[in-house]
Amino acid sequence: MVIVYRAANPQEAHIVAGMLQAEGIEAYASGTLLQGGVGELAATDFALVRVPEHDAVAAKALVQDYDSGAVAAAWDASGDAVDVDERALAPRTPWSQVLMCLAVVALALLVVLSWV
């Protein structure tokens, strides 16, 4: 395994590893749990991202894009289509609310009767 990124914190290491995994590169955030054992010393340079040697060149190129901010600029989700169920957005009819109230009352009545 080759170190391709030294993260500022464990969260960033997991973000970069996830970005690489989304691109099909086997990546691991390592050393993220070591910071808790440091104590009073400065907890830096522990969170690393590692990839197999055969993926190192591609991973380093993606990490360079991440560091330069090119990844955020290229990843625009504004054109993504979202399937929305129109029935879920429709307002509930008064009958459904009445039936829900009756169900709650019936449940409360059953609880009270079980105590008696």
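Residues numbered from 1 in each chain as written. Predicted model: local features only at pLDDT ≥ 70, side-chain atom pairs only at ≥ 80, totals over all residues. Heavy atoms only, no water.

With respect to the nonpolar core
Counting 17 residues, the largest nonpolar core has Val 4, Tyr 5, Val 16, Leu 20, Val 49 and Val 51 as its most contacted members. When contributions to this core are tallied by element, the ones reaching two or more residues are β1 (2–6), α1 (10–22), β3 (48–51) and α2 (56–68). The element contributing the most residues to this core is α1, with 5 residues. (Core = buried A, V, L, I, M, F, W, Y, C linked by side-chain atoms within 4.5 Å. Buried < 20%, exposed > 50% of the residue type's maximum accessible area, 1.4 Å probe, protein only. Helix = DSSP H or I, 4+ residues; strand = E, 2+ residues; numbered from the N terminus.)

Some words on α1
Between its terminal C-alpha atoms α1 stretches 18 Å, which fits the 18 Å expected from 13 residues at 1.5 Å a residue. Inspection of α1 places Pro 10, Glu 12, Ala 13, Val 16, Ala 17, Met 19 and Leu 20 among the buried residues, and these make up the whole buried set. One side-chain oxygen of the residue at the start of α1 lies 3.2 Å from the amide nitrogen of Gln 11, identifying that residue as Asn 9. Within two residues after α1, Gly 24 carries a phi angle of roughly 90 degrees, on the positive side. (Expected span 1.5 Å × (residues − 1). Polar contact = N/O pair within 3.5 Å; in protein donor to acceptor, adjacent residues only side chain to side chain.)

What about a nonpolar patch on the surface?
Taken together, the side chains of Leu 107, Val 111, Val 112, Trp 115 and Val 116 define a hydrophobic patch exposed on the protein surface, amounting to about 600 Å² of accessible area. With respect to the element layout, Trp 115 can be found in helix α5 (residues 94–115). (Patch = residues over 30% accessible without salt bridge, like charges linked within 9 Å, V, L, I, M, F, W, Y side chains within 5 Å. Areas by Shrake-Rupley, 256 points an atom, 1.4 Å probe, with all protein chains shown as cover. Salt bridge = Lys/Arg side-chain N within 4 Å of Asp/Glu carboxyl O.)

Describing the confidence of the model for the protein
Mean pLDDT over the protein: 79, with 69% of residues reaching 70 or higher. Averaged over each element, pLDDT in the protein is lowest for helix α3 (residues 70–74) (57) and highest for β3 (90). (pLDDT = per-residue confidence, 0-100.)

Describing the packing of α1 against α2
Across the interface, α1 lies against α2 with an axial gap of 10 Å and an inter-helix angle of 125 degrees. Taken together, the axis directions place α1 and α2 in an arrangement best described as oblique. Crossing angle aside, the handedness with which α1 passes α2 is right-handed. Here Glu 12, Val 16, Met 19 and Leu 20 of α1 lie close against α2, whose contacting residues are Ala 59, Leu 62, Val 63 and Tyr 66. Considered class by class, the residues forming the contact of α1 with α2 number 7 nonpolar, no polar and 1 charged. (Axes fitted to C-alpha atoms, helices over the stretch in contact; angles between N-to-C directions. Parallel < 35°, antiparallel > 145°, perpendicular 65-115°, else oblique. Left-handed = near helix turned anticlockwise from the far one by under 90°. Contact = heavy atoms within 4.5 Å. Nonpolar A, V, L, I, M, F, W, Y, C, P; charged D, E, K, R; others polar.)

Some remarks on α5
With 22 residues, α5 extends 32 Å from end C-alpha to end C-alpha; this agrees with the ideal 32 Å at 1.5 Å per step. With 0 of 22 residues buried, α5 is to be regarded as a mostly surface element.

Here's the deal with the side chain of Asp 55
Here Asp 55 shows up in the loop between β3 and α2. Of the buried charged residues, Asp 55 lacks a salt bridge, with Lys 60 as the closest side chain of opposite charge at 13 Å. Setting aside residues no more than four positions away along its own chain, Asp 55 makes contact with Ile 25 and Glu 26. (Lys, Arg positive; Asp, Glu negative; His and termini not counted.)

Here we look at the packing of aromatic side chains
Any two aromatic rings considered together are summarised by their centre-to-centre distance and by the angle between their planes. Throughout the structure, instances matching the rule amount to 1 aromatic pair. Relative to Tyr 66, the ring of Tyr 5 lies with its centre 5.9 Å away and its plane at 85 degrees, an arrangement referred to as edge-to-face. Taken together, the positions of Tyr 5 in strand β1 and Tyr 66 in helix α2 put the pair 61 residues apart, joining distant regions of the chain. Of the residues examined, Tyr 66 reaches a relative accessible area of 24% and is grouped as partly exposed. (Phe/Tyr/Trp six-rings, centres within 6.5 Å; stacked < 30°, edge-to-face > 60°.)

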